[in-house]
Amino acid sequence: ARAPAPSHMVRKGGNSVKILALTAFFALGISLPDCPDSPNCVSSQATDPDHHVAPLSFEGHGREEAWAALEKALAQLPRLKIVERDAGGIHVLTKSRIFGFIDDLHLVFDSELPRIHVRSASRVGYWDLGANARRVSRLREAFRAALETQ
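The shown structure was predicted, so the numbers you read here are calculated from the model rather than taken from an experiment.

**Focus on the pattern of salt bridges**
The tally for this structure, following the rule as stated, stands at four salt bridges. Glu71 is the partner of Arg85 in a salt bridge, and the nearest nitrogen-oxygen pair spans 3.4 Å. One end of the pair, Arg85, is in strand β3 (residues 80–86); the other, Glu71, is in helix α2 (residues 63–76), with 14 residues separating them in the sequence. On the accessibility criterion, Arg85 (47% relative accessible area) is partly exposed. Across the pair Arg115 and Asp110 runs a salt bridge, and its minimum N-O distance is 3.0 Å. According to the relative accessible area criterion, Asp110 is buried, its value standing at 14%.

Written as C-alpha cells, this is what we have:
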C-alpha cells in the first residue's frame, strides 16, 4: 500500500498549501505521493504512463558521488530554492519565469537501488504546458553530465 500524501502535499483551505517538514518522509524512504489526475505533475513512481518519468540513475557510482552530482545539477537550474535537505532526499521550490508560479520538486534516494526518485508538480492550475516534464529532463541531463565529470 502506498503511503498517504505528506501534509505538505495536501491542499488546505482553498488554494493555500501548507508546507511542513519532510525529514521523516525522506528518512523513511516513503514512496512519493501519486500525481493528481491533472496533467501538471510527473513522477518516477507514477503508475500511469501520462505522469511517469524515469528516476535519475547513478549506476556505477556511489551515493556520495550521486549527492555531489545532484547538488551540482540543481545549482545549474534557474529559479530554484532548496528548502529542505536530508540524508534521504531534497525538497526544492521552483518558480516559473513569467508568472512566478511555485512548483515543488522532490528528489528521494532509493533505499535499495542506485537511483533517485523524482516528483515535480505544480501547486496551482490544471495544466503546466509540460513545464514539470521539461524540468526533470533538464535535471537529468545536468545530473548525467555532473556524474561524468567526477
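Here the narrative resumes.
**Quick word on the packing of aromatic side chains**
By the definition in use, this model includes three aromatic pairs. By way of ring pairs, the aromatic residues Phe58, Trp67 and Phe109 are connected into one cluster.

**What about the environment of Gly88?**
Following the sequence through the fold, Gly88 ends up in the loop between β3 and β4 (89–95). A relative accessible area of 7% places Gly88 in the buried class.

The rules behind these values
- Along each chain, residue indices are assigned from 1 in the same order as the chain's sequence is written.
- Totals for whole chains, interfaces and linings use all residues, but because this is a predicted model, local features are given only for residues with pLDDT of at least 70 and pairs of side-chain atoms are given and counted only at 80 or more.
- Side-chain numbers here rest on the full set of heavy atoms in the structure, without hydrogens or water.
- For salt bridges, the criterion is a side-chain nitrogen of Lys or Arg within 4 Å of an Asp or Glu carboxyl oxygen.
- Numbering goes from the N terminus for both helices and strands, where a helix is a DSSP run of H or I of at least four residues and a strand is a run of E of at least two.
- Residue exposure (1.4 Å probe, protein chains only): buried if accessible area is under 20% of the type maximum, exposed if over 50%, otherwise partly exposed.
- Here a Phe, Tyr or Trp ring, Trp counted by its six-membered ring, pairs with any other such ring whose centre lies within 6.5 Å, and the pair is stacked when the planes are under 30 degrees apart, edge-to-face when over 60, and tilted otherwise.

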